[in-house]
Amino acid sequence: MKKHLLPYFCITVLVASCSSSNAEQIPTVKDHFKDDFLIGAALPVRHVDGMDPKADSIVTLHFNSIVAENCMKNEKIQPEEGKFFWDDADKFVKYGEDRDMAIIGHALVWHSQLAPWFTKDAVGNEVSPDVLKQRMKDHIYAVVGRYKGKIKGWDVVNEAIVDDGSYRNSPFYRILGEDYIPLAFQYAHEADPDAELYINDFSMFLPEKREAYVKIVNDLKKRGIRIDGIGMQSHIGMDYPEFDEYEKSIVAFGNTGCDVMITELDMSALPTIEKGADIGAIFRMTPEERREALKKFNVYPDGLPEDVSKEWNDRMAQVFALYKKHSDKISRVTWWGTTDGMSWKNGFPIPGRTDYPLLFDREYNMKPFMQKIIENLE
Ligand code: G3I
């Protein structure tokens, strides 16, 4: 069921710092959607370090939720067994607390950005099920426990299923089988009984993934294990997904009784090379193939042509119309970043492209589709 949005929205924003003597009332994205869903942004460390003051102003004004883009991932926070690096995650949490935001933790159990030691023994073989269980428990207890009462919800398990609907052959799956998912949720709940717990993946519009996740979630619920939300990452493109499949997933996930969360929204304006967000795609090409792909697929290095920009904005307006239509099911829409210049999409699946996937452009201007929405012109 939808959560209480109340603590996270402010009714009106008075921008006292504007040059005119009268405080100017301006519409904000979070206020516009205050009765619908939270509006979030993924933040890199440099943002919370104050190295991008303009992006800071944007986030403070328009967003009421944040998620850690990288600093809470396993390899960052526990790079060696028992040696935790908390500085960046602490700063991230403080940033959200100072602004009274809904703070989301990402991600507790994920095959990627996993510290190499985590699933291996001293000679590099995979550890036994008991050892991995203990390491998962220790990691989750330490991380969730440290931020108990501060983090609204955790991406507990990330990217567990591949496109055909089967389990990803991750070390977690190889060592523990399907049980690693309920175990991770159980440990997270023990560490902070009040925190919301989510399962999260990309390409959630695929029927096979939809079916697999509905089954996983229903099984967890049947076993009495807490799960609050299903995260649809939503790294999308101009040619995918088809809206009816995307909508079917929103509805199917909502029907499980979980909140639906759009957790990592961005839409590439460039020709699609790789659907989804499997970071491994970066390494599947040879340097020569990458150079060739860069020539062919980096089509707007000097700015987005007007017709493409219009197409992007029209499509994003449709995406938000869909979210609004299902706002009874969707509790949060989080962008995977703030401005086009800082998006991971500039480096995926080949480095060096200039992409335009986010809500604000490289000059910190809000994209026209959202400007129209919040000024009630649509
Ligand atoms: O921190 C190091 C830095 O010390 C080093 O100099 C630099 C050189 O390459 O790399 C830096 O680490 C990079 C890190 O981002 C921080 O910028 C990694 O190489 C790079 O691989 C990493 O990419 C992140 C990616 O996850 C890794 O899987 C992206 O920023 C991040 O946006 C992306 O986020 C994921 C979500 O967690 C899960 N869903 C898909 C999404 C997009 O891939």
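All of these numbers come straight from a predicted model, not from anything done at the bench. (Residues numbered from 1 in each chain as written. Predicted model: local features only at pLDDT ≥ 70, side-chain atom pairs only at ≥ 80, totals over all residues. Heavy atoms only, no water.)

S.K.: I tried to follow unusual backbone geometry on my own but got confused; where do I start?
M.R.: Residue A107 follows H106 across a cis peptide bond; omega there is -5 degrees. Its location among the elements puts A107 in strand 5 (residues 102-109). Y240 connects to P241 through a cis peptide bond whose omega is -5 degrees. Within the fold, P241 resides in the loop between strand 9 (235-236) and helix 10 (243-255). Look at Q113: it is not a glycine, yet its phi comes out positive at around 50 degrees. For S234, which is not glycine, the phi torsion reads 70 degrees and is therefore positive. Here S234 shows up in the loop between strand 8 (229-232) and strand 9. When its relative accessible area of 6% is taken as the criterion, S234 is described as buried. (Helix = DSSP H or I, 4+ residues; strand = E, 2+ residues; numbered from the N terminus. Buried < 20%, exposed > 50% of the residue type's maximum accessible area, 1.4 Å probe, protein only.)

S.K.: So what exactly am I meant to see when it comes to the pairing of strand 6 (residues 153-158) here?
M.R.: In summary, the side chains of a regular strand alternate between the two faces of the sheet. For strand 6, a buried count of six out of six residues is recorded, marking the element as mostly surrounded by other parts of the structure. Taken together, strand 5, helix 6 (residues 129-146) and strand 6 constitute a β-α-β crossover, and its handedness is right-handed. Where strand 6 and strand 7 (residues 196-201) come together, five bridges link them in parallel fashion. If you follow N158 over to strand 7, its bridge partner there is N200. (Right-handed = clockwise from strand over helix to strand, strands pointing away. Pairing = 2+ DSSP bridges.)

S.K.: Is there a simple way to think about the packing of helix 10 against helix 12 (residues 306-325) in this case?
M.R.: In a packed pair of helices, the relevant descriptors are the angle between the two axes and the axis-to-axis distance. Running from N to C, helix 10 and helix 12 point in directions that differ by 25 degrees, and their axes come no closer than 11 Å. Accordingly, the angle class assigned to the pair helix 10 and helix 12 is roughly parallel. By crossing handedness, the relation of helix 10 to helix 12 is classed as right-handed. The segment helix 10 lies against helix 12, with F243, Y246, E247 and I250 engaging R315, Q318, V319, L322, Y323 and K325. (Axes fitted to C-alpha atoms, helices over the stretch in contact; angles between N-to-C directions. Parallel < 35°, antiparallel > 145°, perpendicular 65-115°, else oblique. Left-handed = near helix turned anticlockwise from the far one by under 90°. Contact = heavy atoms within 4.5 Å.)

S.K.: It is not clear to me how the pairing of strand 11 (residues 330-335) should be interpreted in this structure. Could you clarify?
M.R.: Within strand 11, six of the six residues are buried, which leaves the element mostly enclosed by the surrounding structure. In terms of strand pairing, strand 3 (residues 38-43) meets strand 11 through four bridges, oriented parallel. Each residue of the ladder has a partner; that of A41, found in strand 11, is W335. Sheet topology places strand 10 (residues 259-267) next to strand 11; four bridges connect them, and they run parallel.

S.K.: Help me understand helix 3 (residues 53-62) in this model?
M.R.: At 3.6 residues per turn, the α-helix brings residues three or four places apart onto the same side. By the burial criterion, the buried members of helix 3 are A55, D56, I58, V59 and H62. Projection of helix 3 onto a plane perpendicular to its axis shows the buried side chains occupying an angular sector of 165 degrees, all on one side. Every exposed residue of helix 3 that faces more than 90 degrees away from the buried side is listed here: P53 and K54. Summarising the contacts, the buried residues of helix 3 are in contact with helix 1 (29-32), strand 3, helix 2 (45-48), strand 4 (65-68) and helix 5 (87-98). (Arc of directions from axis to C-beta.)

S.K.: Would you take a moment to explain the packing of helix 9 (residues 207-222) against helix 10 for this structure?
M.R.: Axis separation between helix 9 and helix 10 bottoms out at 10 Å; the angle between their running directions is 5 degrees. On the basis of their axis angle, the class for helix 9 and helix 10 is roughly parallel. Mapping the contact onto sequence places P207, R210, Y213 and V214 in helix 9 and E245, K248, S249, A252 and F253 in helix 10. When its residues are assigned to classes, the contact of helix 9 with helix 10 shows five nonpolar, one polar and three charged. (Nonpolar A, V, L, I, M, F, W, Y, C, P; charged D, E, K, R; others polar.)

S.K.: What exactly am I supposed to notice about the site of the ligand here?
M.R.: Neighbouring residues of the ligand: 17 residues in total, closest E69, K73, H106, E264 and W336. Contacts to the ligand include N70, whose side-chain N or O atom sits 2.9 Å from an oxygen atom. With respect to the ligand, the side chain of K76 contributes an N or O atom lying 3.1 Å from an oxygen atom. Contact with the protein chains hides 55% of the accessible area of the ligand, taken as 790 Å² for the molecule alone. The residue inventory of the shell around the ligand, partitioned by class, reads five nonpolar, seven polar and five charged. (Near = heavy atom within 4 Å. Polar contact = N/O pair within 3.5 Å; in protein donor to acceptor, adjacent residues only side chain to side chain. Areas by Shrake-Rupley, 256 points an atom, 1.4 Å probe, with all protein chains shown as cover.)

S.K.: How do you make sense of helix 6 when you look at a structure like this?
M.R.: An ideal rise of 1.5 Å per residue puts 26 Å on 18 residues; helix 6 measures up with 25 Å between its terminal C-alpha atoms. Taken residue by residue, helix 6 has L132, R135, M136, H139, I140, V143 and V144 as its buried positions. With its buried residues spanning 135 degrees around the axis, helix 6 presents them on a single face. If you follow the buried residues of helix 6, they end up packed against helix 4 (74-77), strand 5, strand 6, helix 7 (171-176) and helix 8 (180-191). (Expected span 1.5 Å × (residues − 1).)

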